[in-house]
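Structure assessment
Residues per chain are reported as follows:
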Amino acid sequence: MRKKPQVRTAAATAAAPAAIVRKLTLEQKARLLSGASFWTTAEAPGVPSVFLADGPHGVRRLAPDVGDIEGAVPATCFPPAVALGSTFDVDLVRRVGEAVADEAQRRGVDVVLGPGINIKRSPLCGRNFEYVAEDPLLAGEIGAALVTGIQGNGVATSLKHFAANNQETERMRVSADIDERTLREIYLRGFQRVVTRAQPATLMSSYNRINGTHTGEDRRITTDILRGEWGFEGLVLSDWGAVHDRIAGIRAGLDLEMPAAGEGRVKEIVAAVRSGALDLADVDRSATRVVTLALAAQAARGEAPPLAERGHDPEAWHDTAHHDLAREAASRAVVLLKNDDGLLPLAPQTRLAVIGELARTPRYQGAGSSQIVPTRLDDALAAIKDSASDVVFAPGYELDGTRAVTGGVTGSGGETGAPRRGPVGKLWKRSEAAARAAEVLAAEAVATARDAGVVLFFAGLPQSAEAEGRDRTDIELPAAQLDLLDRVLEANPRVVVVLSNGSVVRLSGFADRVPAIVEGWLLGQAGGGALADVLFGRVNPSGRLAETVPLRIEDTPAWPSFPGTGLHVTYGEGIYVGYRWYDARDLGVQFPFGHGLSYTTFAYSGLGVSTGSTRGKGSADGKGVTDGGDLVVRVTVTNTGGVEGREVVQCYVSLPGSAVPRAPRALAAFAVVDLTPGESREVELTVARDDLAYWDVRADRWRVEGGTYRVEVGASSRDLRATAEVEVPADGFVAPLDADSSLGEAMAHPVIGPTVTGMLKGAGLSADVMVMTRAMPLGRLAYQPGSGVTHQQVQQLLDVANGTGSLANRATGRLLTLAGRLRKHR
Ligand code: BGC
């Protein structure tokens, strides 16, 4: 693969762009702030246009003015984010990113619009297939790996959708109402991780509002947090058509509006500057960022794209190495959920019945803007036939008019087409005929399955069930498939269910009645071969669930509030998203976060945790964590089975007895390790000290509590094999006390704490009175009947605490008096 110059960020190239912008007229600057077409930015003297294209699991190169998938240049369709998340393999994902960048360059694309890393708040979100995980650390790690891979190969990325775009219902108007701690710890944290680790060249602001304000108009989100706290150096662009108030957006830091908004917008910006409603400095700043991106893209651009030569012939664009990489990534994404009695892997001579149209007509990517035209399309049925000698097939059911766009690649599945019209009688006859046809298909499938050694039952969601722009209303598999599965199971219980879905489906109706379940997600163009690789054991499965499979939708954290009412959706579950919720409520789940089986087994031993070196990683505005070291976690993993395999070692951290409510455990690090039978290896994981921090709402900053942290290591969030404890020192940061601080907080204060504690203890208060006393705000002391404490004395105490005074005897004396009175009172 050709190595391209890294995408340069604003800091490296700021001088030249600023000089270019200085020479532009106001109109020219204003024109730079919107697209020139659907996919390009505007030109100006010395400023080339930039070509943007969707992805990120492939390159969707369209003509500049075409918004629809028709006519896209074929590209390798790598596994979508739902599958990449399940690999838990950042090196592999980085390699996918490098390949995507390579293809982008060959197609003349400067910016790939991705990755999308929004948290899967509810399985109902119609776009979950484009997102990575229900956990911010995993989403951030996989997102950072993609950005590093793509940008390391000379193409810019656009991290999206910033932020809290967790549903499709009313996506352009809904307000995600989220408390600050939840926003920081769950919904912004993945973005923070990608920005601080991989510095994406651009970031796409989302359609929705957060707490009432459109994200692109929210200066706090788009500038103060993003740039001020995280140090983002790139450009912020709008999601397509997301701009609500352009002038407010420019003020807030939304640099580029996409797509083209026309000359009317230029006039609006110019008029706003002339009237004084908009600062010229804001226009200059955003224009400079557009120029910076354009110059960096120009510098990184490869040779002119040979689009015309190759046209739209998928074969002409086919890249065997990339197809192989797509297959490798897909095989690593497959999650073996259940495998009783070692039914899998299959022996090539087993008599196999493959049931289900999805085996022949794969669903391999989601619908909407991320959909790309693949260069080839493998189906599982053909790959299974290549792997085994005795294979029979029956489609069993029809897909509902959802054959994926294949751009010249032909499939052989069924389609129902457009709704039929006509008199009611005719309609009834037609539905009767359709029912008869469905029964013929089903009966044929049951007969086909009856005598097989193993039945591979392909089930999954039709494309119409999950797509950009709409949410699901349930997590059920189609009833026809479930009915057929019941009948097949009656005929032959040796069934392996192979799933195709972009977000979790309910399995509880049959999970305990089938011996094996393989979660195949949406696996991209090489998914068919990858599934066969796993089914026949050429690849030992190592995919892990990046989202919990619940027993039922009613158990899921956002169920009561999703998708909101009156254009507001309340994130009432707070930080308890995904496994944090099920663990906190001690709820049963079908399969937990992090779960995935292998054809071998692994043992864990020798867990040890130490605190590493101090890093001093403060942010510019002091809201970062500044003290102490990372945790270094070492554990020995042994392959105790008979075949080579890969374990995904997961490390979860918690702080029992924390001063704030916390999830029972949170993923803090993970790593993959490949082991031959009998082999042992020590795996080292680093838990960044920053990842121990919680968002302190009162102090308005991250904070690491001191204490004894519990470190759990294992094969899933509910298969924890070893536990250790480690002492973590608190941050040096001491929250200033004020009149609203409680006596309890004063007791915990490092400067005045010992004195105040000693005083109150010395006063001999009963335990009950002590509880009430601790809760009293310091400022109220002056109002306690007969306390004798004055406002001035309270202020003296605060001055001492905050380092601006010395401990005054009179103040402490008065406090003593108060304590005495309180005791008499009760
Ligand atoms: C989507 C984005 C996409 C953009 C351009 C929007 O509708 O939300 O993810 O990048 O369109 O196609």
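Above this text sits the structure in question.
Our subject in this report is the structure included herewith. (Residues numbered from 1 in each chain as written. Predicted model: local features only at pLDDT ≥ 70, side-chain atom pairs only at ≥ 80, totals over all residues. Heavy atoms only, no water.)

This part covers the overall build of the chain. Along the chain, the regular secondary structure elements total 26 helices and 26 strands. Considering only contacts within the chain whose residues lie at least 6 apart along the sequence, 78% involve residues at least 24 apart. As presented, the chain carries roughly 30,000 Å² of accessible surface, and 51% of it is formed by carbon and sulfur atoms. (Helix = DSSP H or I, 4+ residues; strand = E, 2+ residues; numbered from the N terminus. Contact = heavy atoms within 4.5 Å. Areas by Shrake-Rupley, 256 points an atom, 1.4 Å probe, with all protein chains shown as cover.)

Bringing the side chain of Ser654 into the picture now. Considering the arrangement of structural elements, one finds Ser654 in strand β20 (residues 645-654). Here the side chain of Ser654 touches Pro664 through a polar contact of 3.3 Å, landing on its backbone oxygen. In this view, Ser654 contacts Ala663, Pro664, Arg665, Tyr709 and Arg710; residues no more than four positions away in its chain are not counted. (Polar contact = N/O pair within 3.5 Å; in protein donor to acceptor, adjacent residues only side chain to side chain.)

Now for unusual backbone geometry. Backbone torsion omega between Gly114 and Pro115 reads 5°, so that peptide bond is classified as cis. Phi is positive for Asn211, close to 45°, though the residue is something other than glycine. Here Asn211 shows up in the loop between β7 (209-210) and β8 (213-214). Residue Asn211 is classed as partly exposed on the basis of its relative accessible area of 41%. With phi around 60°, Asp700 is a residue other than glycine that occupies positive phi space. With respect to the helices, strands and loops of the structure, Asp700 is situated in the loop between β23 (694-696) and β24 (701-703). You can call Asp700 partly exposed: its relative accessible area is 31%. (Buried < 20%, exposed > 50% of the residue type's maximum accessible area, 1.4 Å probe, protein only.)

The interhelical angle for the contact between helix α17 (residues 380-387) and helix α20 (residues 527-535), taken along N-to-C directions, is 40°, at an axis separation of 7 Å. Comparing the axis directions of α17 and α20 gives the class oblique. α20 is crossed by α17, and the crossing has right-handed handedness. Where α17 approaches α20, its residues Ala380, Ala383, Ile384 and Ser387 are matched on the opposing element by Gly528, Gly529, Leu531, Ala532 and Leu535. (Axes fitted to C-alpha atoms, helices over the stretch in contact; angles between N-to-C directions. Parallel < 35°, antiparallel > 145°, perpendicular 65-115°, else oblique. Left-handed = near helix turned anticlockwise from the far one by under 90°.)

Here we take up the sheet that holds strand β16 (residues 516-519). Taking strand neighbours across the sheet as the criterion, the 6 strands line up as β11-β16-β15-β14-β12-β13 in an open arrangement whose pairing is mixed. A single partner strand is all that each edge strand has here, and the edge strands are β11 (335-339) and β13 (390-394). For this sheet the average axis-to-axis angle between neighbouring strands, irrespective of direction, equals 15°. Across 4 bridges, the pairing between strand β12 (residues 351-355) and strand β14 (residues 454-460) is parallel. What sits directly across from Ala353, in β14, is Val455. (Pairing = 2+ DSSP bridges.)

This paragraph deals with the site of the ligand. Inspection of the region around the ligand gives 13 residues, with Asp54, Arg127, His161, Tyr207 and Asp239 positioned closest. Contact distances for the ligand include 2.7 Å between an oxygen atom and a side-chain N or O atom of Arg127. Here an oxygen atom of the ligand sits 2.9 Å away from a polar atom, N or O, in the side chain of Lys160. When isolated, the ligand has an accessible area of 310 Å², and the protein chains bury 93% of it. When grouped by side-chain class, the residues that make up the shell around the ligand number 5 nonpolar, 2 polar and 6 charged. (Near = heavy atom within 4 Å. Nonpolar A, V, L, I, M, F, W, Y, C, P; charged D, E, K, R; others polar.)

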